[in-house]
Amino acid sequence: YKEIIFDNSNLGSDYERQMVTDVLVDYMLLKNSLAKGKAADARFTSLTMISVIADYRRVMDPDLLTDPKKFSDDMAALKEKVKQSATLEEVRTNFITLNNLFADFIKSYGLYNKTVYIFQCNENETRSIRYWISDLMTDTRNPYADQNKNSDAGCYKVKESWIFR
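Before going into details, it helps to say that this report is about the structure given with it. (Residues numbered from 1 in each chain as written. Predicted model: local features only at pLDDT ≥ 70, side-chain atom pairs only at ≥ 80, totals over all residues. Heavy atoms only, no water.)

Some details on the sheet that holds strand β1 (residues 2-6)
1) Next: If you trace the four strands from one edge of the open sheet to the other, you get β1-β4-β2-β3, paired in mixed fashion. With partners counted over all chains shown, the strands left at the sheet margins are β1 and β3 (131-134), one partner each. In this sheet, neighbouring strand axes are inclined to one another by 20° on average, regardless of whether the strands run parallel or antiparallel.
2) Next: Across five bridges, the pairing between β1 and strand β4 (residues 158-164) is parallel. Directly across from Phe6, in β4, lies its bridge partner Phe164.
3) Next: Taken strand by strand, helix α1 (residues 14-35) contacts β2 (114-120) and β3, and its axis lies near 125° from that of β3. (Pairing = 2+ DSSP bridges. Helix = DSSP H or I, 4+ residues; strand = E, 2+ residues; numbered from the N terminus. Axes fitted to C-alpha atoms, helices over the stretch in contact; angles between N-to-C directions. Contact = heavy atoms within 4.5 Å.)

Below, the structure written as structure tokens:
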């Protein structure tokens, strides 16, 4: 897999990177809830994660995001979609959007002394569709498949690592 080392001098301050690392904890809870097929838990954690990012962004440098207004608008629109989601499929569809936004958030601000791994199920799919982030290289929990019900549950492969030192 490809290793990408991020230069912290081009990213957020230590404090900002610690905040993003805190949000990663919520992300992992969300990803694992989806892998277990727990729609209500995933919906709640998605809303929590969106709210925490919004709160943290109030004290973060907005200029580190490529387009801060679009990011805010996309997060607000996603929050409304998540509130209306009822089924596991709807929650997973919203996860795709949140996943892409969170990946941009990580790449803009960085993580604090952390390496994350980008997993993808199918090499033929574009990464923006079905990829996920984990802080464990050996993570086998695919958020796009129920571990006990779907043959895709065992479908995971590390495509990249993002290294923040």
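Quick notes on the pairing of β3
1) Next: Burial along β3 is two-sided: the face carrying Tyr131 and Ile133 and the face carrying Trp132 and Ser134 are both buried.
2) Next: Two elements, β2 and β3, share four bridges in a ladder whose sense is antiparallel. Counted as the bridge partner of Phe119 is Trp132 from β3. (Buried < 20%, exposed > 50% of the residue type's maximum accessible area, 1.4 Å probe, protein only.)

What to know about the packing of aromatic side chains
1) Next: Overall, the coordinates contain 11 aromatic pairs when judged by the stated rule.
2) Next: Seen from their ring centres, Tyr27 and Phe102 are 5.3 Å apart, and the 25° between their planes marks the pair as stacked. Here the residue Tyr27 occupies a position in helix α1, and Phe102 occupies one in helix α4 (residues 88-109), the gap between them amounting to 75 residues. For the pair formed by Tyr27 and Phe102, the shared burial category is buried. (Phe/Tyr/Trp six-rings, centres within 6.5 Å; stacked < 30°, edge-to-face > 60°.)

Some remarks on the packing of helix α2 (residues 39-57) against α4
1) Next: Where α2 contacts α4, the axes come no closer than 10 Å and their chain directions differ by 25°. In terms of their interaxial angle, α2 and α4 are classed as roughly parallel. Considering the relative orientation of α2 and α4, their crossing is left-handed. Here Ala39, Ala42, Arg43, Ser46, Met49, Ile50, Ile53 and Arg57 of α2 come into contact with α4, specifically with Leu88, Val91, Leu98, Phe102 and Phe105.
2) Next: Of the residues assigned to the contact of α2 with α4, the class counts are 10 nonpolar, one polar and two charged. (Parallel < 35°, antiparallel > 145°, perpendicular 65-115°, else oblique. Left-handed = near helix turned anticlockwise from the far one by under 90°. Nonpolar A, V, L, I, M, F, W, Y, C, P; charged D, E, K, R; others polar.)

Comments concerning the nonpolar core
1) Next: Counting residues in hydrophobic clusters, the biggest one holds 47 residues, and the most contacted among them are Tyr27, Phe102, Phe105 and Ile133.
2) Next: Per element, the largest residue contribution to this core is 10 residues, and it comes from α4.
3) Next: Setting aside chain neighbours within four positions, we find Phe102 in contact with Val20, Val23, Leu24, Tyr27, Met49, Ile53 and Ile133. (Core = buried A, V, L, I, M, F, W, Y, C linked by side-chain atoms within 4.5 Å.)

Considerations on the pairing of β4
1) Next: For β4, a buried count of six out of seven residues is recorded, marking the element as mostly surrounded by other parts of the structure.
2) Next: Note that β2 and β4 share six bridges and pair antiparallel. In the sheet register, Phe119 faces β4, and the bridge partner there is Val158.

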